[in-house]
Amino acid sequence: MTQLTNQTDGHADGIAADISRQLPQGITPEDLVDFYRRMVTIRTIDERIWMMNRQGKVPIAASGQGHEAAQLGSLLAAEKDGNCFFFPYYRDLSLKMGAGLTPTQVMLSFMGKEGDPYSNARQFPLQGADLEHNVIQTSNVVAAQLTQAVGYALACKMLGDDKVIFVYFGDGASSQGETHEAMNFAGVHKLPVVFVCENNAYAISVPQRMQMAIGDVANRAEGYGFPGLIVDGLDLLASYEACREAINHARREGPVMLEMKLERLMPHTTDDDDSRYRPKEEIDAVREKDPVAAFSSFMLEQGYLTEEQQEEIRAQARRAVNEATDAADAALPPDASDLHKNVYAP
Amino acid sequence: MAVKSVIEAVREAMREEMQRDEHVFVMGEDVGWRGGVFLATQGFIEEFGPERVIDTPLAEASIMGIALGASFRGMRPIPEVEFADFLWPAVNQLIGEAARVCYGSDGSLNAPVTIRIPYGGGIRGGLFHSQNVEAYFFHTPGLKVIAPATPYDAKGLLKSAIRDNNPVVFLEHKKTYRLVRGDVPEEDYVLPIGKAEVKRPGQNITVVSYGLMVHYCLEAAELLAAEGVAQVEVVDLRTLKPLDTETVLESVKKTGKLLIVHEDNITGGIGSEIAALAADQAFDYLDAPIGRVCGPDVPTMPFAQTLEDAYMPNTQKIAQALRNLAAY
């Protein structure tokens, strides 16, 4: 892996979208259109979920707005590789939906209806397991997924499966002891794990300067004996390239940490009010860094999609999300008799 | 049949399961060349290699979390925590995560992990090497909890635990490791999880216990028989969760008197649940108040011999409680 030195940019500052560049190795214009389509659909459903919360039909949601490019960039790299497994966290709607869920499945999950693919409406939305798409997220206790992902990687290694494991976590989870324990063990055993820190600079309301005394979580990787890189998490192609390199490194040499600098465009969850702890100017400035808008501009300026084509994709997304909303709204919640099912495995 | 100690039975169970199934592996502090702090994995690294006998950093949360993650990929890990008292950093992965994997995925994922935990006192272990931890896990749906008393039960139940598709908390009383010896068959056998055993039949009083205390209960039962006071039936729970309510109730209905014995703190212990069970489902059969001989509500047993003795239930304390019940 090249360029493994740590940089110390300030948080997401100084990262300007470099829009006049060659397509990265292995990427076709069709891939870009495919991922643009996924990104637009995911943003559309994310906004709809928020709206449905305000209508009282979605009890709770953590918006992924601002995190789309980082997650989809990693998914694109993983799909190109073809043998990756994912341990995401609760803000990873883009990864989970991008990996193959239909809009209806997503809406069923957010509305707590029968047919939620992750837990059949036992857990908060899109938590549990979606093994069909190689995703496990057992809970929303932050950092619990890190040791599990490392154990999964250990098992793959023992079984001779050369899978690479992606585990995602926020800057908040980076403070947990389990994050240290997971990285330490992965470093000792050189396990094929890509640690993706989605650093949006806030742990609910607590800013990064109150969470840690350093500017870059990536610097910690050195202490575990593996490289840590800072990535522009607002740029899908930058995320893709970093993840592609990280997959190669993980499989050959062991763990990597990627610190994706990005922004949380919305409050922590639908129950949060970020105006209590974020100045209005900061919130306004953050919204200017919308990765979906940036990718739209890129696609337009590079000539991969016309304005009309983009509008058509947005319209298709709205139709799909409308249909999904109606279907999920009409669906039934699980029967009360389900309460006692599956406490134990047979 | 050969006579073996509890620790030998535990070791044999793991070795045979590792020979039988390549998905089984052990991990924990000092389980490798040291062979485990109690030598439960003695000879394993020589036989199975460092890939399946993993010496971990001193970090219990990751021991449990990594084992859990490996189980998601089809492995059957046996993580070891050196002493129950060191378990607490792993509790999020055990209670918060492992116990809810099956339920929280509506059955699409499961967690076949057997966490082995040496526990219990009477060995001058003081506050941080003596603890009984069973009540915390007994309270947690999604876990199975096993606490054997004999080498035969330890081996058969540990094999069942390893083959079970759920997270199992396997509690090994440290004092029984070398103190308790008994017949263990040479051939492969398993014992059903969730089945208690009547270790000594009797007509007059039921005493329900598990682990080391079963042996003290048996001694006390012999004392009362010798005194001609009562014939005591000793029920060894063997599995705490799921609780074998049938065997307990059957015995209580027969004798009409119930004593529960455990080393764990009395308040909120296993005995509280068994007393509630008897009151709820065998009320009409009871001829005396339900008795309990348990550890007192102090934070585990102290280091000083006098204080440890004062904490520990023993044969004499149990015998006295049985005499009181017999006289009621």
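Residues numbered from 1 in each chain as written. Chains lettered and ligands numbered in written order. Predicted model: local features only at pLDDT ≥ 70, side-chain atom pairs only at ≥ 80, totals over all residues. Heavy atoms only, no water.

Novice: Just checking my understanding: could you explain the nonpolar core for this structure?
Specialist: It is characteristic of soluble globular proteins that their nonpolar side chains tend to be buried jointly. One finds Phe 195 of chain A together with Leu 87 of chain B to be the most contacted residues of the largest nonpolar core, which totals 83 residues. The residues that make up this core include at least three from each of domain 1 (2-184) and domain 2 (197-327) of chain B. In this structure, Leu 87 of chain B is in contact with Val 81, Leu 94, Ile 115, Ile 117, Val 133 and Phe 137 of chain B, ignoring residues within four places of it in sequence. One finds Val 135, Tyr 168, Cys 243 and Ala 246 of chain A within the second-largest nonpolar core, a separate group that totals 65 residues. (Core = buried A, V, L, I, M, F, W, Y, C linked by side-chain atoms within 4.5 Å. Buried < 20%, exposed > 50% of the residue type's maximum accessible area, 1.4 Å probe, protein only. Domains from an automatic or database assignment. Contact = heavy atoms within 4.5 Å.)

Novice: Would you explain the domain arrangement of chain B in this entry?
Specialist: Accessible area lost on assembly of the parts is the figure often given for the size of an interface. All names here are of chain B. What the domain assignment reports for chain B is domain 1 (2-184) and domain 2 (197-327). Listed per partner, the contact involves 33 residues of domain 1 and 30 residues of domain 2. For the pair domain 1 and domain 2, the summed buried area comes to about 2,500 Å², and 59% of that belongs to carbon and sulfur atoms. Together, Arg 124, Leu 127 and Phe 138 form the three largest contributors to the area buried by domain 1 at its contact with domain 2, with a combined 28%. Connecting domain 1 to domain 2 are 2 salt bridges. The partner of Lys 199 in a salt bridge is Asp 153, and the shortest N-O contact between them spans 2.6 Å. (Buried area = accessible area lost by both parts, 1.4 Å probe. Salt bridge = Lys/Arg side-chain N within 4 Å of Asp/Glu carboxyl O.)

Novice: Just to check I follow, could you spell out the packing of aromatic side chains for this structure?
Specialist: How two aromatic rings sit relative to each other is set out by the distance from centre to centre and by the angle between their planes. Under the definition given, this model contains 18 aromatic pairs over all chains. With 5.1 Å between their ring centres and 65° between their planes, Tyr 89 of chain A and Tyr 90 of chain A make a pair best called edge-to-face. Here the aromatic cluster, defined as three or more aromatic residues joined through ring pairs, consists of Tyr 36, Phe 295, Phe 298 and Tyr 304 of chain A. Its end group placed over the ring of Tyr 103 of chain B, Arg 122 of chain A keeps NZ or CZ at 4.1 Å from the ring centre. Sitting over the ring of Phe 138 of chain B, Lys 241 of chain B keeps its end group 5.7 Å from the ring centre. (Phe/Tyr/Trp six-rings, centres within 6.5 Å; stacked < 30°, edge-to-face > 60°. Lys NZ or Arg CZ within 6 Å of the ring centre and 35° of its normal.)

Novice: Explain the pattern of salt bridges to me, please; I cannot follow it from the model alone.
Specialist: Any two side chains of opposite charge can pair, on the condition that their charged atoms come close. Residue and element names in this part refer to chain B. Tallying each qualifying case throughout the model produces 45 salt bridges over all chains. As a salt-bridge pair, Lys 159 and Glu 16 come within 2.7 Å of each other at their nearest N and O atoms. Of this pair, Lys 159 sits in helix H7 (residues 151-163) while Glu 16 sits in helix H1 (residues 6-20), placing them 143 residues apart in sequence. Assessed through its relative accessible area of 1%, Lys 159 is described here as buried. (Helix = DSSP H or I, 4+ residues; strand = E, 2+ residues; numbered from the N terminus.)

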